[in-house]
Amino acid sequence: MASSDYLQYTFKIENSTEIIRSIRSGEQPPAHYKLDVNSFSLLTSSLPIASLFLESTEFSVGGYRWVVQVYPNGNEKDNGDGHISIYLKLCDKLRPGSFVNVIFRALIYDQDRNKYLIIQDLREKRFDATNAIWGMSRALPQTAFSAKCNGFLVQDRCMFGAEVFIINSTTPTSAEVSYIDGNRTRSYAWRVKFSELSDDAYSPEFTIEGRTWKLNVCPRGSGAQKGKSLSLYLALTQLHDLTAGNKLYVEYELRVKNQLNGEDRTGIFKHPFEKSAKNWGRTSFVPISDLSIPTKGLVMEDVIILEVYFKQMFMLKNI
């Protein structure tokens, strides 16, 4: 690539003691993994606070399973402030003494010029029983990523790629993140007699955006809140396509309705629903003592109203 090509960007294409940045033609796509992200800014604001990174679906290279982790706001714990941070994670558990040596390349697609920015770890990394994640905390400055003239983020869409060099060739796996546009009703209310609720009760199934859900309530609490607080959760019951790391990112609000003055008890949640995490909410949603006070308006004539409102939904899946 000619040096004049580098001058098209607002950042320097230069080597450092940690990473190498270079440019290549868009005619040569990522060898092993491609992740299309639609509605990037909405997704970034909806990431779970506990993680603050987007984890890809699984892909295979060299007989091992991998995922890519992208921190849109940088991994502060790894000195990634102000940068896009990109990591490679080995999903397989290695036995003590076993290891896999890898050279990892991350790619970001320039949609205006049909080129890829390649960001490569300078040194070979060893994945073993105690080190399953390696990557680049300062892969690209956020200002460079979001600058319109660089072509990485166009109409709120971007594409990341990965190449894992431990074998000569493999069949690429592709995935995409799609924003689920909510043109239909995205709320559900469950009106039920409080005295008839079991300790671990589920609402009838309801359908939102083509998926079936249930509300899960523990009127006398669960876990450490047993006997202290009503616990309320949202449960996804349709899981057939959430395999191999496929996830449904959802931002939603749970409510216990105030039947007197509209001052509902609410909680807002951001959660990636998958096979291993299909139920999410809060164990300490409402103190049990408040439920028996008529002026609180939460249980009226033995009726409680539980509600969920879906704010935003994203689907991450292999394609």
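Scroll up for the structure.
The structure displayed is predicted, hence computed values, not measured ones. (Residues numbered from 1 in each chain as written. Predicted model: local features only at pLDDT ≥ 70, side-chain atom pairs only at ≥ 80, totals over all residues. Heavy atoms only, no water.)

Applying the stated criterion to the full structure yields 16 salt bridges. As a salt-bridge pair, Arg24 and Glu163 come within 2.5 Å of each other at their nearest N and O atoms. Separated by 139 residues along the polypeptide, Arg24 in strand S1 (residues 19–25) and Glu163 in strand S11 (residues 158–165) bring together distant segments of the chain. Note on accessibility: Arg24 and Glu163 belong to one class, buried. With its nearest N and O atoms 3.4 Å apart, the salt bridge here joins Arg105 to Glu163. Placement of the pair is Arg105 in strand S7 (residues 99–110) and Glu163 in strand S11, with a sequence separation of 58 residues. The class of Glu163 is buried, set by a relative accessible area of 2%. Put simply, Glu253, Arg255, Lys257, Asp264, Glu307 and Lys311 are held in one network by salt bridges that share partners. (Salt bridge = Lys/Arg side-chain N within 4 Å of Asp/Glu carboxyl O. Helix = DSSP H or I, 4+ residues; strand = E, 2+ residues; numbered from the N terminus. Buried < 20%, exposed > 50% of the residue type's maximum accessible area, 1.4 Å probe, protein only.)

Let us look at the nonpolar core. Ranked by internal contacts, the top residues of the largest apolar core, which has 43 residues, are Val37, Leu54, Phe59, Trp66, Ile86, Phe145 and Phe160. In terms of residue count, the dominant contributor to this core is S7 (five residues). Not counting the four nearest positions on each side in its chain, Phe145 is found in contact with Phe40, Ile84, Ile108, Leu140, Phe152, Leu153, Cys158 and Phe160. The next biggest cluster of nonpolar side chains, apart from the first, holds 36 residues, and it includes Phe194, Val250, Phe269 and Phe273. (Core = buried A, V, L, I, M, F, W, Y, C linked by side-chain atoms within 4.5 Å. Contact = heavy atoms within 4.5 Å.)

What follows deals with unusual backbone geometry. Of note, the phi angle at Asp156 is positive, near 65 degrees, even though the residue is not glycine. With respect to the element layout, Asp156 can be found in the loop between helix H3 (142–146) and S11.

Counting buried positions along S11 yields seven of eight residues, so the element is predominantly enclosed. The pairing of strand S2 (residues 33–37) with S11 spans five bridges and is antiparallel. Within S11, the position partnered with Tyr33 by the bridge is Ala162. Summarising the sheet, S7 and S11 pair through six bridges and their orientation is antiparallel. Opposite Ala106, over in S11, you have Ala162 as the bridge partner. (Pairing = 2+ DSSP bridges.)

Such coordinate-based values are descriptive only and should not be taken to indicate function.
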